[in-house]
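Next come the chains, spelled out residue by residue.
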Amino acid sequence: MTFQRPNIEAMSGYTPGEQVQGSVVKLNTNENPYPPAPEVSAALAGIDAAELRRYPPPMASDFRNIAARLHGLTPENVIPTNGGDEMLRLVLTTFVDMSETVLVARPSYSLYPVLTDIQGCTLQEVPLQEDWTLSEDFFAALANCKLCILVNPHAPSGTLMPVDTLRRIATECPGILLIDEAYVDFIDPEEGYDSMPLIRELDNVLILRTLSKGYSLAGLRFGYGLGSSALINPMLYKTRDSYNTDLVSQRLACAALSAQDYARSTWQKVRSSRRTLSQQLASLGFSCPPSQSNFLLCQVPDDQDAAALYQALKRDNILIRYFDHDGLRDKLRISIGTEEENSALITKLTALVRD
């Protein structure tokens, strides 16, 4: 006998990347290879344990003010969340009924299907084209969706969708467009990418941001959403958990977001390493689409097996990501690490492919 709802019993849960202890070269879960800002360490050291007996500020107002100034918005346009994943769940809980449809591209972030299964709504996945762009079938499907979720830069390819394309989607979508910008900090500044005007122009756009990647705080679980107050308010005042972000995370998130010079210096190091690593992989016969994220998706050489390479690297304590999914079985996703970590990867891959 089971007490689960039928949709919960039938679904599969999310499978995270491996989190291991010990000495490994960890290039599998797209974490920032550099530590958080010194200001974050100082904020952590400055927390008196006695403060933890009281509940945290319920609205995380200090953080909302900092985020609003950073993005040229108002605090009413900001909702802090327990990681970016809570923002995804809040949007589904608040706006999507069980009879309605969520539209996503395939492949994409594998948590999206899990969350729609939990909600009990319909998920429509439209395959991307070979160049990782949206097909006209995707645009046609917009007419029937309540929510469209797009990760940009895209995961797992790292490719970037222009703002004009996002504007077209939001304009043609009768529901909400949620842009998941988990990796936005690693976009080359020369691209001139800026999605914030969409919030000011349109009332159906939400943007997800996280401190896990660009601010080196994956272990903290702190994200936030941006959008019109008409979209933010129902989540902020009705559907989010009470005290959904704790005192420690609020203090550290404020410190991290305020330390922009330090954060930007790590983003630039990641971009530089991304270019170098892409060139080194190409010299070994790996093909990578242009990435604007902190990872590379590499098609392995024709005479190599992606799963076998993944396992061989793992045996040498080098972790990358292999996806046993259609369209990805001949590919490996590699997070950008430190120069030393990237060098260890290339040394081992060179030995494997030239053996």
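Residues numbered from 1 in each chain as written. Predicted model: local features only at pLDDT ≥ 70, side-chain atom pairs only at ≥ 80, totals over all residues. Heavy atoms only, no water.

Caption draft 1: Representation of the overall build of the chain in the model. Scanning the chain from terminus to terminus reveals 13 helices and eleven strands. Whereas a compact globule of 355 residues would reach a radius of gyration of roughly 20 Å, the chain reaches 21 Å, a difference of no more than 12%. Taken over the C-alpha atoms alone, the chain extends approximately 60 × 55 × 50 Å along its principal axes. Counting every position in the chain, which comprises 355 residues, the buried fraction comes to 53%. For the chain, the share of sequence-separated contacts (at least 6 apart) that also reach a separation of at least 24 residues comes to 73%. Of the roughly 16,300 Å² of accessible surface on the chain, a fraction of 49% belongs to carbon and sulfur atoms. Averaged over its 31 positive side-chain charges, the chain has a centre that lies 5 Å from the centre of its 43 negative ones. (Helix = DSSP H or I, 4+ residues; strand = E, 2+ residues; numbered from the N terminus. Rg over C-alpha atoms; globule rule 2.2 N^0.38 Å. Buried < 20%, exposed > 50% of the residue type's maximum accessible area, 1.4 Å probe, protein only. Contact = heavy atoms within 4.5 Å. Areas by Shrake-Rupley, 256 points an atom, 1.4 Å probe, with all protein chains shown as cover. Lys, Arg positive; Asp, Glu negative; His and termini not counted. Charge placed at Lys NZ, Arg CZ, Asp CG, Glu CD.)

Caption draft 2: Fine view of the pairing of strand β8 (residues 223–227). Burial of β8 is extensive: five of the five residues sit out of reach of the surface. Neither face of β8 is left uncovered, since the one carrying Gly223, Gly225 and Gly227 and the one carrying Tyr224 and Leu226 both have all their residues buried. Where strand β2 (residues 78–81) lies against β8, four bridges are found, and the strand directions are antiparallel. Across the sheet, the residue bridging to Pro80 is Tyr224, located in β8. (Pairing = 2+ DSSP bridges.)

Caption draft 3: Up close: the packing of helix α12 (residues 306–315) against helix α13 (residues 339–353). Packing of α12 against α13 leaves a shortest axis separation of 11 Å and a crossing angle of 125 degrees. Classified by the interaxial angle, the pair formed by α12 and α13 is oblique. Handedness of the α12/α13 crossing: right-handed. Seen from α12, the contacting residues are Leu309, Ala312 and Leu313; seen from α13, they are Leu345, Lys348, Leu349, Leu352 and Val353. Considering only residue class, the contact of α12 with α13 consists of seven nonpolar, no polar and one charged. (Axes fitted to C-alpha atoms, helices over the stretch in contact; angles between N-to-C directions. Parallel < 35°, antiparallel > 145°, perpendicular 65-115°, else oblique. Left-handed = near helix turned anticlockwise from the far one by under 90°. Nonpolar A, V, L, I, M, F, W, Y, C, P; charged D, E, K, R; others polar.)

Caption draft 4: Representation of the sheet that holds strand β4 (residues 122–127) in the model. Sheet architecture is open: seven strands sit in the order β2-β8-β7-β6-β5-β3-β4, paired in mixed fashion. Looking at the sheet topology across the chains shown, the edges are occupied by β2 and β4. Sheet twist, expressed as the mean angle between neighbouring strand axes with direction ignored, is 20 degrees.

Caption draft 5: Molecular detail of unusual backbone geometry. Following Asn152, the chain continues to Pro153 via a peptide bond in cis, the omega torsion being 0 degrees. Summarising the element assignment, Pro153 is placed in the loop between β5 (147–151) and α7 (163–172). Note that the residue after Ala155, namely Pro156, is joined by a cis bond; omega there is 20 degrees. Of note, Pro156 is situated in the loop between β5 and α7. Its identity as a non-glycine residue notwithstanding, Ser216 has a phi of 60 degrees, on the positive side. Tracing the chain through its elements places Ser216 in the loop between β7 (205–210) and β8. Residue classification places Ser216 among the buried residues on the basis of a relative accessible area of 14%. Residue Asn317 is not a glycine yet carries a positive backbone phi of 65 degrees. Its location among the elements puts Asn317 in the loop between α12 and β10 (318–319).

Caption draft 6: View of the packing of helix α4 (residues 83–95) against helix α9 (residues 229–239). For the pair α4 and α9, interaxial distance at closest approach is 10 Å and the crossing angle is 95 degrees. By the angle class used here, α4 and α9 are roughly perpendicular. Packed against α4, whose contacting residues are Met87, Leu90, Val91, Thr94 and Phe95, the element α9 presents Leu231, Pro234, Met235 and Thr239 at the interface. Residue composition of the contact of α4 with α9, by class: seven nonpolar, two polar and no charged.

As far as function goes, none of this settles anything; it's purely spatial.
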